[in-house]
Amino acid sequence: MQVSKVFNPISFGADSTGAADSSDAIVNTINAAFQAQKGKELLPGINDLGGAVVDLQGGNYKISKPIRLPSGGGNVVIRGGTLRAADKFPTDGYLIELHSPSSDKADKKKRGFYYEDITFRDILFDSGFRGGGLLVIDSARIRVDNCFFIHFGTEGIHVKSGHETFVSSTFLGQHVNIGGDPDEKSFSGTAINLASNDNAVTDVVIFSAGTGIILSGQANILTGVHCYNKATAFGGVGIYVKLPGYSQTRIDNCYLDYTGIVLEDPVQVHVTNAFFLGDANVVLKSVKGVISGLTIVDNMFSGSSNAKAVVEVQGTFNQVDQVVIDRNNVRGMSVKSTTAKLTVVGKADKWVADFSPILLFPDRIKNVQYSLYVNGKKSIPLHAVTSTSNNKVVVEADRVVDGGVSVSVDQYSK
């Protein structure tokens, strides 16, 4: 006998008007969906539910406690409705939680994956300024598509451990506005916190939060993210990349409006084709003093003519390796780069090309190329570079000539 695998909470007693608490009815609906099929597996220990669907049917459901999905299920879709936190919703909870009891083991080596191929689509998560929206722990291949997260007190989406959570075509904001809110300086919370590996955030708008996105795992990609937040002027951050080690992070084609990027000890990070507006910039923050494999190229920066640097360094980096910052389009801000060219002319036997206003790292010129030319038919004197200290290249000749030097430098090493 054929049995439908589409489940809806109204048939389990939920109130789709939002007047009464629907927490238990939705839990029972999801539990039924997780029993839809047995006998087939995805990852070991994860039951393939055969494409079961939990259809919220456009309802508006009041939630007083986190909806925790049963452990060990996959290939299921939850779609099409609104979940709103009740006044008594716990401030440390999330409206929906993929959180197995096995994930609470202290020894991470004894933990595995407990959810796979679960899709959340066309859902509004309203956390009521109390808890968070969605918690994903020890899961693989989770999709969040065309959703709306608002009024989160902690985080809109929090992913811990696991692999390959994809967030796409989604809007997130602690406060619902279109900018210009007089209380922007007091916004808090984090829209997306990815403390896991191999995730992608694509075509996402973050319109208000204390922090837009935190990345603390490896191999994460952000593409087409629009982050608007004037709270960053009061200590908030648009994108915060916390790198405990080998990271491999790409930030491509993003739009950072009044909100910048902080890269903590960046290792293998690529920032390109982004638009930084309203004095938004990139901050390189030293924790252990190591920076390696960083590329910031082909971006646009637009500021308010206050000479704020497009890239700035906080702290001291003792190890700098393979850093390229170049070809950025800058207006109303101060250019910073790891490569530069200057021409110095004049009748002299010594020419000084001062790169200190342009080069990012102090007193660090690793490579120099230069050419000396002489006006008229005078012979070329003997010449050489005699100093590169303090990011100034000094070229000296053995006699005075009417000419100049063209000098190219970079701070790239290895």
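Details of the structure are given in the entry above.
Let me sum up the structure you'll find in this document. On a predicted model such as this, the values are computed, not experimentally measured, just so you know. (Residues numbered from 1 in each chain as written. Predicted model: local features only at pLDDT ≥ 70, side-chain atom pairs only at ≥ 80, totals over all residues. Heavy atoms only, no water.)

Things to note about unusual backbone geometry
Part 1 of the reasoning: The phi dihedral of Asn146 is positive, around 55 degrees, even though this residue is not glycine.
Part 2 of the reasoning: Its location among the elements puts Asn146 in the loop between β9 (139-145) and β10 (148-150).
Part 3 of the reasoning: Positive phi is not limited to glycine here, since Gln268 has a value of about 55 degrees.
Part 4 of the reasoning: As for its position among the elements, Gln268 is in strand β21 (residues 267-272). (Helix = DSSP H or I, 4+ residues; strand = E, 2+ residues; numbered from the N terminus.)

A short note on the packing of aromatic side chains
Part 1 of the reasoning: Inspection of every chain in the model, using the stated rule, returns six aromatic pairs.
Part 2 of the reasoning: Measuring from ring centre to ring centre gives 5.9 Å for Tyr228 and Tyr258, while their planes differ by 85 degrees; the resulting arrangement is edge-to-face. A residue pair is termed long-range when its members are at least 10 positions apart, and Tyr228 in strand β16 (residues 226-228) and Tyr258 in the loop between β19 (255-257) and β20 (261-264) qualify at 30 residues.
Part 3 of the reasoning: Given the relative accessible area of 14%, Tyr228 is considered buried.
Part 4 of the reasoning: Here a set of aromatic residues connected by ring pairs shows up, and it is made of Phe148, Phe171 and Phe207.
Part 5 of the reasoning: The ring of Tyr240 has Lys242 sitting right over it, with the charged end atom 5.1 Å from the ring centre. (Phe/Tyr/Trp six-rings, centres within 6.5 Å; stacked < 30°, edge-to-face > 60°. Buried < 20%, exposed > 50% of the residue type's maximum accessible area, 1.4 Å probe, protein only. Lys NZ or Arg CZ within 6 Å of the ring centre and 35° of its normal.)

Topic: the side chain of Ser100
Part 1 of the reasoning: Within the secondary structure, Ser100 sits in the loop between β6 (94-98) and β7 (115-126).
Part 2 of the reasoning: Under the relative-accessibility criterion, Ser100 is labelled buried at 1%.

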